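# Structural description and commentary
Here is what each chain is made of, one letter per residue.
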2 protein chains.
Amino acid sequence: MPPTLKDVAERAGVSRAAVSRTFTDGASVSLKMRRKVEKAATELGYSPNALASSLTTGRTKLIGLVSNNFHNPIFLEVFDLFTRGLQERGLRPLLVNLSDETDPANSIRMLRQYSVDGVVVASSTLPPGFAKAFRDAGVPVVHSFGRYASSPEVHVVGIDNAECGRMAARELVRRGYRDVAFLGGPESATSTQDRFRGFMEELAKYPEISVRHSFAEAYSFNAGRKEMLALLKDRPAEAYFCGDDVLSIGALSAIADSGLKVPGDIGIIGLNDMEMAGWENINLTTIRQPISQIIDSSIELIVSMLENPDRYPEARLFPCKVIERGTLRPVD
Amino acid sequence: MPPTLKDVAERAGVSRAAVSRTFTDGASVSLKMRRKVEKAATELGYSPNALASSLTTGRTKLIGLVSNNFHNPIFLEVFDLFTRGLQERGLRPLLVNLSDETDPANSIRMLRQYSVDGVVVASSTLPPGFAKAFRDAGVPVVHSFGRYASSPEVHVVGIDNAECGRMAARELVRRGYRDVAFLGGPESATSTQDRFRGFMEELAKYPEISVRHSFAEAYSFNAGRKEMLALLKDRPAEAYFCGDDVLSIGALSAIADSGLKVPGDIGIIGLNDMEMAGWENINLTTIRQPISQIIDSSIELIVSMLENPDRYPEARLFPCKVIERGTLRPVD
DNA sequence: TTCCATTTTGCAACCGGTTGCAAAATGGAA
DNA sequence: TTCCATTTTGCAACCGGTTGCAAAATGGAA
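Let me begin by describing the structure that accompanies this report. These figures come from a predicted structure and were not determined experimentally.

## Quick word on the overall build of chain A
Regarding its fold elements, chain A presents 12 helices and 12 strands. Along the first, second and third principal axes, the C-alpha set of chain A runs to 85 × 40 × 30 Å. Counting over 332 residues, chain A shows a buried share of 55%. Taking the intrachain contacts of chain A between residues at least 6 apart in sequence as the baseline, contacts between residues at least 24 apart amount to 71%. About 14,000 Å² of surface is accessible on chain A, with carbon and sulfur atoms providing 49% of the total. A distance of 7 Å separates the average location of the 39 positive side-chain charges in chain A from that of its 41 negative side-chain charges.

This is how it looks when you write it as structure tokens:
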């Protein structure tokens, strides 16, 4: 058993309160006392039990990190950045894998049992109500990559997906494509709905351009590939705005199979700019989502909610930009 | 503030002990009492504070999941399987991102502060001493993907990397390559050292086959690409056994740049069989590491150590096998 | 109804910490 | 040296649970 406060107090010949105070910042302890206690503590190898202290302080420094997207390579970056960022601030990520579950009740119960100080929901597919359920349960929550709402009920940090849709549309128009299509992620994903809406909105300005759309079953390689294989059976569009990068790569593989060339015969633009999109043998033209800013900002927000749980909800949207690589034909 | 045991006890008009008992399996409570308490509990929306109870039970059901490999796509599968598996058993993963840190002291202190019941170290690059430091600190630990030692001091679950090296060598020999090479991961990674040793051992049986080796800086796309670009400046080998899949893909991209063809001009065999290796536009011949078995077994082991912390250490090794795809030339 | 073995319940101490309050110690000024 | 404002310290109660023990309740047999 590891040594406790009491052990240290006895060895140092002081009260338990004194030991507790030397280990809490800002508490009143004389230098002499501190030295005595620290000596005893290092001799015993003592370090305070964070869970025990959480009982009285009401802070566990545990942050629930909830996601349903463990198979998308973009989440390597997301997890890396989140865990690093939280660690740097002395917080600890408690991971919750939602897999197929979309009812928040279980996650909420579990995270409440562990008294997490806050929750970050990292998902572009869950509806706003998911994060809201945490708020209603009294748990500070930030929805990263969530849907932007003009009157958010919960903090949202992410991108303007509709604007990304418009951006993709403008990019295709600019490059002279006249027969374009949206190959979305799952139709139930808020990010796909919004990107679709923006895409169609922008293209409505160009009645001479033909537009079609379809949806893949998931943001995944296989779903993108499958959907593109189906599309290739008929006469495909000249260019596709795909749901995200991994889906784009699936589509690219289907196109390669068919013997058509990218960008010669078909253009593809993705979204995310995950690391892999820049790999030379992928070389995907895509819209960059500023992941690291989104995550920094999410952490900053959740940290500030620890101080002020009733902080007025806000939406923080970061601009995206087109990263030109090799899957759209050049302008003119 | 969420309701506590006391609130439920008051509302139900019973003792706190009675409430506690209805929420702990195997405790003695009459059906009548149970009903009364459950009614009050659901009315108040009570669920027990896991951290508070951990103080007396000595169990937090928290498992530290320590890794340093957040950028390798194989970890998508690893995280997904670990989090699911732990959740299914009522355990919670507390994630620790080691990034560049290789001194266990900080992680140990932190995980002890949170009184984790056990730790899984998931890494094929950390030396055995890392996991051992946890054991020495009295924390049950399993090293997944760790180095096999004939007299392990710590539970290791993984593969026989030396045997994988031999397997790769045999595969290259079988396909008639006469000028082969090892393109390892970082020279400091135990997995690379072992694969290298096995590879050389097997090839030592064939003096007529020329063998060379070099090491990439990391198990990563960029490192693999960079190393292969360098190798291509001189006359490259006929086939390479690469450190792992992601490194292999980097190497493939370098080869594609050079205008050489795979498997026509150069053969590549990887290791891991991560999801991406099977993507049709990657189509990497590789050695499959049975990730899901390794993780199931790791979880099973750590769970059993919760009952019996002094369980005699063992090494569990799972056989690997060659998955033939398109990056080695056919036999004859 | 009485008796007794068995089951259920509550009391009170405990897990490892924190913190308000009052008492003790400190230290500078007169 | 005395006095007093300020700093430091310990006591004891508390955070939200669990659990050993003894007392109370239960229920079946006689």
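After that view, the rundown keeps rolling.
## As for the protein's contact with DNA strand D
In the vicinity of DNA strand D lie 26 residues, with Arg21(A), Ser30(A), Leu5(B), Arg16(B) and Ser20(B) positioned nearest. Here, DNA strand D places atoms within 4 Å of the protein, and 61% of those atoms are sugar or phosphate. Ser15(A) has a polar side-chain atom sitting 2.8 Å from a phosphate oxygen of DNA strand D. Looking at the surface near DNA strand D, the elements that each hand over two or more residues are helix 2 (16–22) and helix 4 (50–57) of chain A together with helix 2 (16–22) and helix 4 (50–57) of chain B. Counting residues per element, the surface near DNA strand D draws most heavily on helix 4 of chain B, at five residues. Residues of the surface near DNA strand D, tallied by class, amount to 12 nonpolar, 11 polar and three charged.

## Here's the deal with the sheet that holds strand 8 (residues 239–242) of chain B
Residue and element names in this part refer to chain B. Read from one edge to the other, the open sheet built from six strands follows the order 7-6-8-9-10-12, with strand pairing classed as mixed. At either end of the open sheet lies a strand with only one pairing partner, and these are strand 7 (210–215) and strand 12 (321–323). On average, adjacent strands in this sheet sit at an angle of 25° to one another, irrespective of strand direction. The sheet contact formed by strand 6 (residues 179–184) and strand 8 spans four bridges and is parallel. Bridge pairing links valine 180 to alanine 239 in strand 8.

## A short note on the relation of the copies chain A and chain B
Screw-axis analysis of chain A against chain B gives a translation of 0.0 Å along the axis, an RMSD of 0.1 Å, and a rotation angle of 180°. Expressed as a symmetry operation, the mapping of one chain copy onto the other fits a two-fold axis. Considering only C-alpha atoms, the part of chain A nearest the rotation axis is Leu94(A), at 2.4 Å. Looking at the interface residues of chain A, 100% of them are also at the interface in chain B, so both copies use one shared face.

## Overview of the sheet that holds strand 10 (residues 286–288) of chain A
Residues and elements named next belong to chain A. Across the sheet, which stays open at both edges, the six strands sit in the order 7-6-8-9-10-12 with mixed pairing between neighbours. Looking at strand neighbours, the two that pair on one side only are strand 7 (210–215) and strand 12 (321–323), the edges of this open sheet. Averaged over all pairs of adjacent strands, the angle between their axes in this sheet comes to 25°, without regard to strand direction. Bridge count between strand 6 (residues 179–184) and strand 7: six bridges; the pairing is parallel. Looking at strand 7, one finds that phenylalanine 182 is bridged to histidine 213. Contacts from helix 11 (residues 245–258) reach strand 6, strand 8 (239–242), strand 9 (267–272) and strand 10, with the element oriented near 160° to strand 9.

## A few points about the packing of aromatic side chains
Evaluation of the coordinates by the stated rule reveals 23 aromatic pairs over all chains. Look at Phe130(A) and Phe134(A): their rings are 5.7 Å apart centre to centre, the planes differ by 55°, and that puts the pair in the tilted class. With a gap of four residues between them, Phe130(A) and Phe134(A) both fall in helix 7 (residues 128–136), about one helical turn apart. Grouping residues by exposure puts Phe130(A) and Phe134(A) together as buried. Among the aromatic residues, ring-to-ring pairing joins Phe70(A), Phe75(A), Phe79(A), Phe70(B), Phe75(B) and Phe79(B) into one connected group. In this structure, Arg329(A) is placed above the aromatic ring of Tyr177(A), and the distance from its NZ or CZ to the ring centre is 4.0 Å.

## Let's talk about helix 12 (residues 291–307) of chain A
All names here are of chain A. Along its 17 residues, helix 12 runs 25 Å from first to last C-alpha, staying within 8% of the 24 Å computed at 1.5 Å per residue. Taken as a whole, helix 12 has its buried residues at Ile291, Ile294, Ile295, Ser297, Ser298, Ile299, Leu301, Ile302, Ser304, Met305 and Leu306. Buried residues belonging to helix 12 abut strand 1 (62–67), helix 5 (74–88), strand 3 (118–122), strand 4 (141–144), strand 5 (155–159) and strand 11 (315–318).

## So, the interface of chain A and chain B
Across the boundary between the two partners, chain A contributes 48 residues, which contact 49 residues of chain B. Summed over both partners, the interface of chain A with chain B comes to about 4,700 Å²; 61% of that surface belongs to carbon and sulfur atoms. The largest contributions to the chain A side of the interface with chain B come from Leu51(A), Leu76(A) and Tyr114(A), which together make up 15% of the buried area. Summed over the shared surface of chain A and chain B, the result is two salt bridges.

Rules of the game
- Residues numbered from 1 in each chain as written.
- Chains lettered and ligands numbered in written order.
- Predicted model: local features only at pLDDT ≥ 70, side-chain atom pairs only at ≥ 80, totals over all residues.
- Heavy atoms only, no water.
- Helix = DSSP H or I, 4+ residues; strand = E, 2+ residues; numbered from the N terminus.
- Buried < 20%, exposed > 50% of the residue type's maximum accessible area, 1.4 Å probe, protein only.
- Contact = heavy atoms within 4.5 Å.
- Areas by Shrake-Rupley, 256 points an atom, 1.4 Å probe, with all protein chains shown as cover.
- Lys, Arg positive; Asp, Glu negative; His and termini not counted.
- Charge placed at Lys NZ, Arg CZ, Asp CG, Glu CD.
- Near = heavy atom within 4 Å.
- Polar contact = N/O pair within 3.5 Å; in protein donor to acceptor, adjacent residues only side chain to side chain.
- Nonpolar A, V, L, I, M, F, W, Y, C, P; charged D, E, K, R; others polar.
- Pairing = 2+ DSSP bridges.
- Axes fitted to C-alpha atoms, helices over the stretch in contact; angles between N-to-C directions.
- Least-squares fit on C-alpha atoms with pLDDT ≥ 70 in both.
- Phe/Tyr/Trp six-rings, centres within 6.5 Å; stacked < 30°, edge-to-face > 60°.
- Lys NZ or Arg CZ within 6 Å of the ring centre and 35° of its normal.
- Expected span 1.5 Å × (residues − 1).
- Buried area = accessible area lost by both parts, 1.4 Å probe.
- Salt bridge = Lys/Arg side-chain N within 4 Å of Asp/Glu carboxyl O.

Structural measurements only, silent on function.
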